[in-house]
Amino acid sequence: MIRKVLKKVYHMMPLSERTREKIRHKLKPAETIGAGKIDIYREQAPKLELPSPKKVSAVIPNYNYAKYIVERIDSVLLQTYPLHELIILDDCSTDNSVDVIQEKIASLRTDFPVKFIKNERNSGNVFAQWKRAFEEASGDYVWIAEADDSSNPRFLETVMKAFDDEAVVISYCESLTMDEENRILMGNLRPWIDQFGCGKWDKSYVKDGIEEIAETMCINNTIANVSSVVFRSGDYSQYIEEAKRFKLAGDWYVYMRVLEHGKIAYNDQSLNYHRMQQQGLTLSTSHAKEFEEIVYLQNYALEHYPVPESVKEKVLERRE
C-alpha cells in the first residue's frame with residue numbers, strides 16, 4: 001500500500017523529467033522508512049512551565065474523520081506548550097464524528113476552554129472552516145490542526161519560538177508523511193517542496209515574506225500541509241474568502257497573501273505528521289485542474305511580487 005500511494009502521487013505531480021529523476025533518487029529510502037510507525041502516546045514529554053506563554057488557539061476542522069479525531073485531539077492535548085483554547089469545528093459530518101467528539105470532550109479535564117461547534121449544513125468548502133477558525137479564535141496565534149493529521153508533542157514548543165520576532169506572521173516546521181495506519185511513508189517532504197534541489201529547506205531559517213514568495217513560493221506551494229503552520233492572528237478573511245475559488249491551491253494563495261504582512265520562519269524538524277490517504281483531495285483532482293491553478297498562482301506571483309529573472313525561468317520550467 002505504501003509504495004502504491006507514493007507511486008500514485010509521483011505520477012500525478014506535473015514535473016519535468018529532470019525533476020522526476022531527482023525525486024526518484026530521493027524517494028529510494030522511503031521503502032525502508034515505511035517500516036516505522038508513529039505513536040504519539042509514546043512520544044509524550046513534560047509540559048513547559050512558562051510564566052506568560054503566548055496565547056495559542058488550536059482549531060481542529062473535522063469532516064468525516066471519526067477514525068482519526070481522537071488521536072488528533074490527543075496530539076493537541078499532549079503538546080508541551082500551554083494552550084489558550086481548543087476549538088473543534090465539525091462540518092456536518094455524515095459518519096459518527098459528532099458522537100466520538102462529544103464523548104471525548106466529556107472525558108477531558110483541561111485548564112483551558114474547549115469549544116465544540118457543529119455546522120447544521122455542510123459548508124462545501126474547506127476554507128469556510130478556515131475562516132470560521134480565525135473568527136472563533138480568541139488567541140493571538142492560530143493553529144489549524146487538520147483532523148486527519150497528528151503531531152509530535154514538541155511541535156508547538158518548537159514553532160512558537162519564532163514568534164519572539166514580532167515581524168513573523170507564519171511559523172512552520174517540516175512534515176513527515178504517514179498512511180492510514182500511521183506507517184511512515186516519507187521522513188520529510190523536501191522531495192515534494194524542493195523541486196529544483198536548492199537545499200533551502202535542509203536548515204531552519206527566517207526570511208522576509210515577500211522575499212520568500214519571490215525566491216521560491218512563486219514556483220510552487222512550499223508549505224505542504226497547513227497542520228504544520230501557526231499563524232499570527234490577523235484579519236485574513238478576505239484572502240480566505242478569495243481562496244474558495246480554488247479546488248486545490250487555495251492554501252498556497254492564502255500563504256502568499258499573509259506573507260505580505262511580515263516574515264516566515266521554518267524549522268527543519270519533522271514535527272508535523274501529515275496523513276496521506278488513498279482517496280485524498282490531492283489525489284482525486286484532475287491533472288488539468290491542478291495545472292490550471294498552478295499556472296494561475298504562478299502568474300499572480302509574477303504580477304504582484306518582485307520575482308528575479310532567474311526565478312522566472314524556474315517558474316516556466318516547472319510548467320513544462
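## Side note on the overall build of the protein
Alright, step 1. Summing up its helical and strand segments, the protein has 14 helices and 10 strands in all.
Alright, step 2. Buried positions account for 56% of the 320 residues belonging to the protein.
Alright, step 3. If you take every contact in the protein between residues at least 6 apart in sequence, the share linking residues at least 24 apart comes to 82%.
Alright, step 4. In the form shown here, the protein has an accessible surface area of approximately 14500 Å², with 49% of it arising from carbon and sulfur atoms.

## Topic: the nonpolar core
Alright, step 1. Grouped together as the largest cluster of nonpolar side chains are 50 residues, with contacts concentrated most on Ile170, Tyr172, Phe231, Tyr255 and Met256.
Alright, step 2. Per element, the largest residue contribution to this core is 6 residues, and it comes from helix H11 (residues 250–258).
Alright, step 3. For Tyr172, the residues in contact, after removing those within four places along its chain, are Val159, Trp201, Tyr205, Thr222, Ile223, Ser228, Val229, Ile264, Ala265, Tyr266 and Asn267.

## Overview of the packing of aromatic side chains
Alright, step 1. Applying the stated criterion across every chain, the model contains 16 aromatic pairs.
Alright, step 2. Relative to Tyr266, the ring of Tyr172 has its centre 5.2 Å away and its plane inclined at 50 degrees; by these criteria the two rings are tilted. Remark: Tyr266 occurs in strand S10 (residues 263–275) and Tyr172 occurs in strand S6 (residues 168–178); sequence separation between them is 94 residues.
Alright, step 3. For Tyr266, a relative accessible area of 4% corresponds to the buried category.
Alright, step 4. Ring geometry for Phe246 versus Tyr253: centroids 5.8 Å apart, planes at 40 degrees, classification tilted.
Alright, step 5. Judged by relative accessible area, Phe246 falls into the buried class, the value being 7%.
Alright, step 6. Members of the aromatic cluster, joined through ring pairs, are Phe127, Trp130, Phe134, Phe231, Tyr236, Tyr239 and Tyr255.
Alright, step 7. One residue, Arg245, lies across the ring of Tyr253, its end atom 5.6 Å from the ring centre.

## Topic: the pattern of salt bridges
Where charged atoms from two side chains of opposite charge approach closely, those side chains can pair.
Alright, step 1. Taken as a whole and assessed by the stated rule, the structure comprises 20 salt bridges.
Alright, step 2. For Glu215, the salt bridge identified is with Lys207, shortest N-O distance 3.4 Å.
Alright, step 3. Where Glu309 meets Lys312, a salt bridge forms, and the shortest distance between an N and an O atom there is 3.2 Å. Placement of both Glu309 and Lys312 in helix H14 (residues 309–319) is noted, with a separation of 3 residues, approximately one turn of the helix.
Alright, step 4. Linked through salt bridges whose partners overlap, the residues forming this network are Lys200, Lys207, Glu212 and Glu215.

## Regarding helix H5 (residues 97–106)
Alright, step 1. Residues of H5 that are buried: Ser97, Val100, Ile101 and Lys104. All buried residues of H5 project into a common sector of 95 degrees when viewed along the axis, lining one side. Across H5 from its buried face, at more than 90 degrees, point the exposed residues Asp99, Glu103 and Ala106.

## Comments concerning the environment of Val311
Alright, step 1. Looking at where Val311 falls in the secondary structure, it is placed in helix H14.
Alright, step 2. Assessed through its relative accessible area of 9%, Val311 is described here as buried.
Alright, step 3. Between the alpha carbons of Val311 and Cys218 there is a distance of 8.4 Å; along the sequence they are 93 residues apart.
Alright, step 4. Apart from the residues lying within four places of it in its own chain, the contact partners of Val311 are Ala214, Glu215, Cys218 and Ile219.

## Points about the environment of Lys314
Alright, step 1. With respect to the helices, strands and loops of the structure, Lys314 is situated in helix H14.
Alright, step 2. Taking relative accessible area as the criterion, Lys314 reaches 34% and is therefore assigned partly exposed.
Alright, step 3. For the pair Lys314 and Gln195, spaced 119 residues apart in sequence, the C-alpha to C-alpha distance is 9.7 Å.
Alright, step 4. Once residues lying within four places of it in the same chain are set aside, the contact partners of Lys314 are Phe196 and Ile219.

## Overview of unusual backbone geometry
Trans peptide bonds make up most of the peptide bonds, and negative phi angles are found at most residues other than glycine.
Alright, step 1. Residues other than glycine seldom take positive phi values, yet Cys92 does so here, at roughly 60 degrees.
Alright, step 2. Note on placement: Cys92 falls in the loop between strand S2 (85–90) and H5.
Alright, step 3. Classification of Cys92 as partly exposed rests on a relative accessible area of 27%.

## Details of the packing of helix H4 (residues 66–77) against H5
Alright, step 1. For the pair H4 and H5, interaxial distance at closest approach is 9 Å and the crossing angle is 25 degrees. With respect to H5, the element H4 is oriented roughly parallel. For H4 against H5, the interelement crossing comes out right-handed. Mapping the contact onto sequence places Ala66, Ile69, Val70, Ile73 and Asp74 in H4 and Ser97, Val100, Ile101 and Lys104 in H5.
Alright, step 2. Of the residues that constitute the contact of H4 with H5, the class distribution is 6 nonpolar, 1 polar and 2 charged.

Thresholds, definitions, all that
Residues numbered from 1 in each chain as written. Predicted model: local features only at pLDDT ≥ 70, side-chain atom pairs only at ≥ 80, totals over all residues. Heavy atoms only, no water. Helix = DSSP H or I, 4+ residues; strand = E, 2+ residues; numbered from the N terminus. Buried < 20%, exposed > 50% of the residue type's maximum accessible area, 1.4 Å probe, protein only. Contact = heavy atoms within 4.5 Å. Areas by Shrake-Rupley, 256 points an atom, 1.4 Å probe, with all protein chains shown as cover. Core = buried A, V, L, I, M, F, W, Y, C linked by side-chain atoms within 4.5 Å. Phe/Tyr/Trp six-rings, centres within 6.5 Å; stacked < 30°, edge-to-face > 60°. Lys NZ or Arg CZ within 6 Å of the ring centre and 35° of its normal. Salt bridge = Lys/Arg side-chain N within 4 Å of Asp/Glu carboxyl O. Arc of directions from axis to C-beta. Axes fitted to C-alpha atoms, helices over the stretch in contact; angles between N-to-C directions. Parallel < 35°, antiparallel > 145°, perpendicular 65-115°, else oblique. Left-handed = near helix turned anticlockwise from the far one by under 90°. Nonpolar A, V, L, I, M, F, W, Y, C, P; charged D, E, K, R; others polar.

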